[in-house]
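# A closer look at the structure
As a plain string of letters, each chain reads:
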Amino acid sequence: MTEPKVEIQGDSEPAVALALLQLIMQAQGEAAASLDRDWILSTYADCLAVVGGAEVQYDDDEDEEDEAAPPREN
């Protein structure tokens, strides 16, 4: 399966977010072929938020914090 080529024109926030999404997908390498619609739309929404100035929290960061934290006693 060949990857679609998207040419981005302009410097609007949605266009910059799309460019960022493409960079992220390229960084995924061969795994990008298995990314589903939900992942793509969620990641684009994150990209759009970041381009707009928001800080985005990622599940991977939360998982690492949970692993490092000692178990809670009730």
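For the structure itself, consult the block above.
A brief report on the enclosed structure follows.

Conventions used here
Residues numbered from 1 in each chain as written. Predicted model: local features only at pLDDT ≥ 70, side-chain atom pairs only at ≥ 80, totals over all residues. Heavy atoms only, no water. Axes fitted to C-alpha atoms, helices over the stretch in contact; angles between N-to-C directions. Helix = DSSP H or I, 4+ residues; strand = E, 2+ residues; numbered from the N terminus. Parallel < 35°, antiparallel > 145°, perpendicular 65-115°, else oblique. Left-handed = near helix turned anticlockwise from the far one by under 90°. Contact = heavy atoms within 4.5 Å. Nonpolar A, V, L, I, M, F, W, Y, C, P; charged D, E, K, R; others polar. 1 Å grid on protein atoms, 1.4 Å probe; cavity = no way out; pocket = protein on both sides within 12 Å on 5 of 7 lines; lining within 4 Å. Points joined across faces, edges and corners; volume = space filled by probe spheres on them. Expected span 1.5 Å × (residues − 1). Buried < 20%, exposed > 50% of the residue type's maximum accessible area, 1.4 Å probe, protein only. Arc of directions from axis to C-beta.

## Let's talk about the packing of helix H1 (residues 13–27) against helix H2 (residues 37–51)
Contact geometry for H1 and H2: axes closest at 8 Å, N-to-C directions at 125°. Here H1 is positioned oblique relative to H2, judged by the angle of their axes. Seen along the crossing, H1 lies across H2 with a hand that is right-handed. Of the residues in H2, those touching H1 at Glu13, Pro14, Val16, Ala17, Leu18, Leu20, Leu21, Ile24 and Met25 are Trp39, Ile40, Thr43, Tyr44, Cys47, Leu48 and Val51. Partitioned by chemical class, the residues of the contact of H1 with H2 number 14 nonpolar, one polar and one charged.

## Topic: the environment of Glu7
Tracing the backbone shows Glu7 in the segment before H1. Distance in space between the C-alpha atoms of Glu7 and Leu18 is 9.7 Å, their sequence separation being 11 residues.

## Concerning the layout of surface pockets
For the second largest pocket, the calculated volume is near 270 Å³. Forming the boundary of the second largest pocket are 12 residues, of which Trp39, Ser42, Thr43, Asp46 and Tyr58 lie nearest the centre. Taken together, the elements giving at least two residues each to the lining of the second largest pocket come down to H1, H2 and helix H3 (59–68). Considering each element in turn, the lining of the second largest pocket owes the most residues, six residues, to H2. In terms of residue class, the lining of the second largest pocket is made up of six nonpolar, three polar and three charged.

## Regarding the environment of Leu21
With respect to the element layout, Leu21 can be found in helix H1. Sequence-wise, Leu21 and Tyr44 are 23 residues apart; in three dimensions their C-alpha atoms are separated by 5.9 Å. Not counting chain neighbours up to four residues away, the residues in contact with Leu21 comprise Trp39, Ile40, Thr43, Tyr44 and Cys47.

## Brief notes about H1
Compared with the 21 Å implied by 1.5 Å per residue over 15 residues, the 21 Å span of H1 between its first and last C-alpha is a close match. Taken together, the buried positions of H1 are Ala15, Ala17 and Leu21. Buried residues of H1 fall within an arc of 160° about the axis and therefore sit on the same side. Exposed and facing more than 90 degrees away from the buried side of H1 are Leu23, Gln26 and Ala27. Contact partners of the buried residues in H1: H2. Looking at the residues trailing H1, positive phi occurs at Gly29, about 65°.

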